[in-house]
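Residue strings, one per chain:
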Amino acid sequence: MKLKHLLSIIFVLLLAAAGVMPAQEPPAKITVNVPDYRVAKGADVDIATIPGGSLLCAEEGRPLVPYYYTDVEYPAGFRVQAV
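Residues numbered from 1 in each chain as written. Predicted model: local features only at pLDDT ≥ 70, side-chain atom pairs only at ≥ 80, totals over all residues. Heavy atoms only, no water.

### Some thoughts on the overall build of the protein
Then step 1. Counting its secondary structure elements, the protein contains one helix and four strands.
Then step 2. Reading the secondary structure of the protein in the N-to-C direction produces α-β-β-β-β.
Then step 3. The 83 residues of the protein split such that 2% are buried.
Then step 4. If you take every contact in the protein between residues at least 6 apart in sequence, the share linking residues at least 24 apart comes to 26%.
Then step 5. Accessible surface, the protein: about 8100 Å² in total, of which carbon and sulfur atoms supply 58%. (Helix = DSSP H or I, 4+ residues; strand = E, 2+ residues; numbered from the N terminus. Buried < 20%, exposed > 50% of the residue type's maximum accessible area, 1.4 Å probe, protein only. Contact = heavy atoms within 4.5 Å. Areas by Shrake-Rupley, 256 points an atom, 1.4 Å probe, with all protein chains shown as cover.)

### What about the confidence of the model for the protein?
Then step 1. Mean pLDDT over the protein: 80, with 84% of residues reaching 70 or higher.
Then step 2. Of all helices and strands in the protein, the one with the weakest mean pLDDT is helix H1 (residues 2-18) (70), whereas strand S1 (residues 38-41) scores best (92). (pLDDT = per-residue confidence, 0-100.)

### As for the pattern of salt bridges
Then step 1. Enumeration according to the criterion identifies one salt bridge in this entry.
Then step 2. Across the salt bridge formed by Asp-46 and Lys-41, the nearest N and O atoms sit 3.6 Å from each other.
Then step 3. Among the residues examined, Lys-41 registers a relative accessible area of 70% and is labelled exposed. (Salt bridge = Lys/Arg side-chain N within 4 Å of Asp/Glu carboxyl O.)

This is the structure:
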């Protein structure tokens, strides 16, 4: 009986070390807090920025577009359904 328990414990520890533990349920809702944008007034244009974000400039002469990027981790084996 003791051998059976010892083998069970060893098996669980090996699974944990290999990262093959059963997946946890992901949260039903993930909240990302994006800082409020700021506007810098220039001579001819105003430039909107998001603190901690970046600016996208796809074409010369077009407005700069502020964007904010973040990583969200969720358990393996699950998919994001909607954003």
